[in-house]
Amino acid sequence: MKTFLPEIGEPRKADPEALRIVALGGLGEVGRNMTVFEYHGKLLIVDAGVLFPEEEQPGVDLILPDLTYLEGRYDQIVGLVLTHGHEDHIGAVPYLLRGREDIPILGSRLTLALVEAKLKEHRIKGVTRVVAEGDEDQLGPFDVEFVAVNHSIPDALAVMIRTGAGSVLHTGDFKMDQLPLDGRITDLRAFARLGEEGVDLFLTDSTNAEVPGFTAHEKDIKSVLVNLFGQATRRIIVASFASHVHRVQQVLEAAHAHGRKVAFVGRSMVRNMKIAQELGYLDVPPGILIDLKKVDDYPDDQIVLMSTGSQGEPMAALSRMANRSHRVEVGEDDMVVLASSLIPGNENAVFRVINGLMKLGAKVVHKGSAKIHVSGHASAGELLYCYNIVRPAGVMPVHGEWRHLLANAELAEQTGVPEENIVLAENGYAVDLIDGTPHIAGAYPTQDLFVDGSTVGAITEADLKDRLTLAGEGFVSVFMAVDLSRKQIVAGPEIHTRGVAEDQNVFSAISPKIEAAVLEAVRNGTKDRHQLQQIIRRTIGRWISSKLRRQPMIVPMVVMI
């Protein structure tokens, strides 16, 4: 098994008789899942999700898949199929529809309800079509069939895509919980039937491929929550994903068992649970829900707050509670339960929130100290079962970091999938399926597409580097006025700093050197403002680096007289 990706060039134009598969997100990362299938000049998209920013991306709200591959081709898109309603699978839908609003969107009832609420916020109507397990549809040259799978949100679907070049089964996110809360298990009978028909390429969820055995049952969480709630003497705050309907259901039942009221905290939590309740996916005990504004009307030992922010997101409710910038004040002996796992890259942010809450006197319970979370993804044992049931001719691991993809590929090989038919790829790689056999045809260049406030794609990696420099190293400005006719400096250099620890007087040592360097350039005939500013930047930059061991942002300003 190859454990590396060789350098390859951009692929040739797709063979119309081949099925080209291009992942624009979700490979080499956990998030922003989006895969494009191209056949006979038409495009079918499965999922359009977002990735949440890390600490080295200050100011960024969301990270989208690189949609450059679709530019000039939106009229060729025959449909967008959504496997389930998590943000890393539906969060980019409004941004995709900016290219064309009438792309048909297919998904389950709950998935589309969550998408439609999101589109409404963006003032996009959208064209949606509800599908369910067992349904089949024809989207251009693609014949699609939907299969029930179990995940940490109701109504998740896998999708079988049939074309003249071969058939692909895409699991989406899934696990094989045999005792799910809603009684809806992953349909292994359908997987077996499709395997008998022939699956040329199996795209499988890789998130837990490194984890041996089987993922625990979601129902096991309830007894833990009931026990924890029985130990609490004041308010209980539970943080989870805003779309984790099953986890919220268990919190409601544990609260009901102890006679506590529940209030939802966080705009997305309120919105999503309202949708889930209206559609019948959330069974709310009578009289248990109260509005957040009425929480103070009840004793602390009768309240449970169901909150967003389990991943340490800076603007989420739990982070703001930890920073004392939220209307909910966390007090001594309050119990905070983080009922989720850590998404890779979020560890520092989550630990910062935990420490902030503990400083306020709260007792924090997390996955490391109690069994208050089970994953929504299939572990190695479940993946092996699926490979043996489906018996695919080829496998392409999806949804995971490189280590996850590699572990999943090794599982496939152990079950007898030929090494040459196992495709390890990253975002932008073009995988062509010809006569049922996959191979990598090349790679399209991809980059992160940042959402910053109302702007999309305007922020670049260079901008983020500048933000990090400002945050970590500080800012130095240098002002000078130069009389070109007399070749004299008439003002400056005036040096001002922000975020630099050293006293302003320290820079008096470099002022004569800056003045000398500029005078020499002017007397040698330099009249270009940009060149003079570069001379100032180099002169003070070298001095700061050698004397102060810092690399701040330096902004020189030269006025020509």
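Values in this document were obtained by computation on a predicted structure and should not be read as measured data.

Conventions we followed
Residues numbered from 1 in each chain as written. Predicted model: local features only at pLDDT ≥ 70, side-chain atom pairs only at ≥ 80, totals over all residues. Heavy atoms only, no water. Helix = DSSP H or I, 4+ residues; strand = E, 2+ residues; numbered from the N terminus. Buried < 20%, exposed > 50% of the residue type's maximum accessible area, 1.4 Å probe, protein only. Contact = heavy atoms within 4.5 Å. Areas by Shrake-Rupley, 256 points an atom, 1.4 Å probe, with all protein chains shown as cover. Phe/Tyr/Trp six-rings, centres within 6.5 Å; stacked < 30°, edge-to-face > 60°. UniProt positions renumbered as here; feature names shortened; annotations may be inferred. Patch = residues over 30% accessible without salt bridge, like charges linked within 9 Å, V, L, I, M, F, W, Y side chains within 5 Å. Salt bridge = Lys/Arg side-chain N within 4 Å of Asp/Glu carboxyl O. Core = buried A, V, L, I, M, F, W, Y, C linked by side-chain atoms within 4.5 Å. Pairing = 2+ DSSP bridges. Axes fitted to C-alpha atoms, helices over the stretch in contact; angles between N-to-C directions.

### With respect to the overall build of the protein chain
Phase 1: Helices and strands together make up the secondary structure of the protein chain, namely 14 helices and 25 strands.
Phase 2: Taking all 561 residues of the protein chain together, 56% fall into the buried category.
Phase 3: Across the protein chain, every contact between residues at least 6 apart in sequence was considered, and the portion connecting residues at least 24 apart equals 72%.
Phase 4: Summed over all atoms, the accessible surface of the protein chain reaches about 24100 Å², with 49% contributed by carbon and sulfur.

### A short note on the packing of aromatic side chains
Phase 1: Across all of its chains, the model carries six aromatic pairs by this definition.
Phase 2: Ring centres of F191 and F202 lie 6.3 Å apart, and the angle between their planes is 90°; on these two criteria the pair is classed as edge-to-face. Placement of F191 in helix α4 (residues 188-197) and of F202 in strand β12 (residues 201-205) is noted, with a sequence separation of 11 residues between them.
Phase 3: Judged by its relative accessible area of 0%, F191 is buried.
Phase 4: The class for F202 is buried, based on a relative accessible area of 0%.
Phase 5: Ring geometry for F202 versus Y387: centroids 5.8 Å apart, planes at 85°, classification edge-to-face. Linking F202 in strand β12 with Y387 in helix α10 (residues 380-390), this pair joins segments that are 185 residues apart in sequence. Considered together, F202 and Y387 belong to a single accessibility category, that of buried residues.
Phase 6: By the ring-pair criterion, three or more aromatic residues cluster together here, those being F174, F191, F202 and Y387.

### Focus: the UniProt feature "binding site: substrate" (unreviewed entry) in the protein chain
Phase 1: The UniProt entry lists H373, V374, S375, G376 and H377 under the feature "binding site: substrate" (unreviewed entry), expressed in the numbering used here.
Phase 2: Along the chain, G376 turns up in the loop between β17 (363-365) and α10.
Phase 3: Residues in contact with G376, not counting those within four places in the same chain, are H151, S152, F174 and K175.
Phase 4: Here H377 shows up in the loop between β17 and α10.
Phase 5: On the basis of relative accessible area, H377 is assigned to the buried category, the value being 13%.
Phase 6: Among all residues touching H377, those that are not within four sequence positions of it are H151, D173, F174, K175, D205, T207, N208, T215 and H399.

### Some thoughts on a nonpolar patch on the surface
Phase 1: Residues V490, V559 and I561 make up a contiguous nonpolar surface patch of about 240 Å² in total accessible area.
Phase 2: Looking at the secondary structure, you find V490 in strand β24 (residues 488-498).

### Considerations on the nonpolar core
Phase 1: Membership of the largest hydrophobic core comes to 70 residues, with the highest contact counts inside it found for L70, L80, V93, L96, F229, V238 and L282.
Phase 2: Per-element accounting of this core gives the leading share, seven residues, to helix α3 (residues 109-121).
Phase 3: With sequence-adjacent residues up to four places away left out, L80 is seen in contact with I45, D47, A48, V93, L96, I103, P104, I105 and L106.
Phase 4: One finds I21, A156, I161 and L424 within the second-largest nonpolar core, a separate group that totals 61 residues.

### Details of the sheet that holds strand β14 (residues 261-265)
Hydrogen bonds along the backbone pair up the strands of a sheet, which may run parallel or antiparallel.
Phase 1: Taken in spatial order, the five strands of this open sheet run β14-β15-β13-β16-β17, and their pairing is parallel. The outermost strands of the open sheet, each flanked by one partner alone, are β14 and β17. Across the sheet, the mean angle from the axis of one strand to that of its neighbour is 20°, orientation sign disregarded.
Phase 2: Bridge count for strand β13 (residues 236-239) against strand β15 (residues 303-307) is four bridges, and the pairing is parallel. What sits directly across from V238, in β15, is M306.
Phase 3: Along the sheet, helix α6 (residues 245-257) contacts β13, β14 and β15; its crossing angle with β15, the most-contacted strand, is approximately 175°.
Phase 4: Sitting on the sheet, helix α7 (residues 267-278) touches β14 and β15, and the angle it makes with β14 is about 120°.

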